[in-house]
Protein chains: 2
Amino acid sequence: METTALPRRRGRPPRSGRTAADTREELLRAGMRLLTEQAYLSTGIDQILGEQGIPKGSFYHYFASKEAFGHAVIDRYGAYFARKLDRWLLDESAPPLQRLAHFMADAQAGMVRHDFRRGCLIGNLGQELGASHAAFRDHLEATLVDWQGRVARCLDAARAAGDLAAGADTARLARLFWIGWEGAVLRAKLVRASEPLDLFADHFLSTLPR
Amino acid sequence: METTALPRRRGRPPRSGRTAADTREELLRAGMRLLTEQAYLSTGIDQILGEQGIPKGSFYHYFASKEAFGHAVIDRYGAYFARKLDRWLLDESAPPLQRLAHFMADAQAGMVRHDFRRGCLIGNLGQELGASHAAFRDHLEATLVDWQGRVARCLDAARAAGDLAAGADTARLARLFWIGWEGAVLRAKLVRASEPLDLFADHFLSTLPR
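### Here's the deal with the interface of chain A and chain B
Move 1: With 42 residues of chain A at the interface, the matching set in chain B holds 42 residues.
Move 2: Of the roughly 3800 Å² buried at the junction of chain A and chain B (both faces included), carbon and sulfur atoms supply 60%.
Move 3: Three residues stand out in chain A for area buried against chain B, namely Gln 127, Arg 187 and Leu 190 of chain A, and they jointly supply 20% of the buried area on that side.
Move 4: For Arg 187 of chain A, the salt bridge identified is with Glu 141 of chain B, shortest N-O distance 2.8 Å.

Shown next as structure tokens:
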């Protein structure tokens, strides 16, 4: 699992050999860490730079604005999580519904590892900015729709294997999956325990049309 | 429905006859409005006061700190929403599961009325502060547990009426209800449409053990 874990909190000290691409990448990683734990509007550019020991004032060399940075972090997190999903959902060594269970167990292990401080960056930003920032809203929804498609394809495979009813609406079920999963992640943060994730996982899998 | 709606945005102008209790109540109402739409950490005391035309500097006359204000707003919103739940869930003119459907339809109408800008204050604060603020976390969870108890009692009534299986675990189902409902409210804000709420409502009711 370590290859899929978010980068560790401690930043590398600046090195003379660091390239602009390295620095941009480090800023994005700092943004992913910070925005899975705290609000966008209360995350200052100084804090993003400070974590990485990058000189103040260089931020706008890499990003046109804090908003542009926010969009780049959403892209980066969306792609990171899509790879995580694919690692489990395309794992042909397990039956499709078992793959979905594996993904949920892995995501749960990630929350435990970070002591439930980290939720889902997309859920966090959606809750905070969904009502007020149209551009972020559309970007966050597009990210969820991408993840949803991956789950739907896994459910398609389950249906093809006869593990779901022939008439099962996999797109609808995948949408329900992400609605419930984001709700369960939020609740797990509040109780600092896996129980809401287990509860949702068990309920979702046990109520699928067979 | 107007009696259950959150107070309107426009504040009353200061009146010479306003008592301290009136002012405290107005500040709490402003807090409820603001925190169903935007983040706690980016909501300034000036903004809370400004909405009501209350002189700056008087905030600490009513609340020991912004945190104390936050807790008072959570209490106020928890009680407001508990009354809203009871209005529907204790309505003996409808069968119990229909009451739950009525509550969901009403909550959905509230989101439509505010053009999906307003979510759930408890979900918002939980997403923003759940990871970092232990006292808020416990208070938010206690609020959800209270609401959950009201839904569980409605499901108990459904079971007693024979509309749920005799062995149905109503406490577990009520917990699943709030996990999914909070997830659906978040998603409805992102798509600015009722569809996630309808989807969840239909799925929850149709997968109950009969």
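### Brief notes about the nonpolar core
Looking at soluble globular proteins, one finds that nonpolar side chains tend to be buried together.
Move 1: Phe 103, Phe 177 and Trp 178 of chain A together with Phe 177 and Trp 178 of chain B are the most contacted members of the largest nonpolar core, which has 129 residues in total.
Move 2: Every residue in contact with Trp 178 of chain A, bar those within four places of it in the chain, is listed here: Phe 81, Leu 85, Phe 103, Leu 144, Trp 147, Gln 148 and Val 151 of chain A together with Arg 187 of chain B.

### Structural notes on the pattern of salt bridges
All names here are of chain B.
Move 1: Under the criterion given, the structure shown has 26 salt bridges over all chains.
Move 2: The partner of Lys 84 in a salt bridge is Asp 106, and the shortest N-O contact between them spans 3.3 Å. Note that Lys 84 is positioned in helix H4 (residues 66–89) and Asp 106 in helix H5 (residues 96–113), a separation of 22 residues in sequence. For the residue pair Lys 84 and Asp 106, the accessibility class agrees, reading buried in each case.

### Examining the environment of Leu 27 of chain A
Residues and elements named next belong to chain A.
Move 1: Inspection of the secondary structure puts Leu 27 in helix H1 (residues 20–37).
Move 2: On the accessibility criterion, Leu 27 (0% relative accessible area) is buried.
Move 3: Separated by 182 residues in the primary sequence, Leu 27 and Pro 209 place their C-alpha atoms 44 Å from one another.
Move 4: Excluding anything up to four places from it in sequence, Leu 27 contacts Ile 48, Leu 49, Ile 54, Tyr 62, Phe 63 and Phe 69.

### A look at the relation of the copies chain A and chain B
Move 1: Relative to chain B, chain A is turned by 180° and slid 0.0 Å along the rotation axis, the superposed coordinates differing by an RMSD of 0.0 Å. A rotation of that kind, with that shift, is consistent with a two-fold axis. In terms of C-alpha distance to the rotation axis, chain A has Gly 183 of chain A as its closest residue, with the C-alpha 1.9 Å off the axis.
Move 2: A symmetric contact is evident, with 100% of the interface residues of chain A recurring at the interface of chain B.

Reading the values: rules and limits
Residues numbered from 1 in each chain as written. Chains lettered and ligands numbered in written order. Predicted model: local features only at pLDDT ≥ 70, side-chain atom pairs only at ≥ 80, totals over all residues. Heavy atoms only, no water. Contact = heavy atoms within 4.5 Å. Buried area = accessible area lost by both parts, 1.4 Å probe. Salt bridge = Lys/Arg side-chain N within 4 Å of Asp/Glu carboxyl O. Core = buried A, V, L, I, M, F, W, Y, C linked by side-chain atoms within 4.5 Å. Buried < 20%, exposed > 50% of the residue type's maximum accessible area, 1.4 Å probe, protein only. Helix = DSSP H or I, 4+ residues; strand = E, 2+ residues; numbered from the N terminus. Least-squares fit on C-alpha atoms with pLDDT ≥ 70 in both.

Structural measurements only, silent on function.
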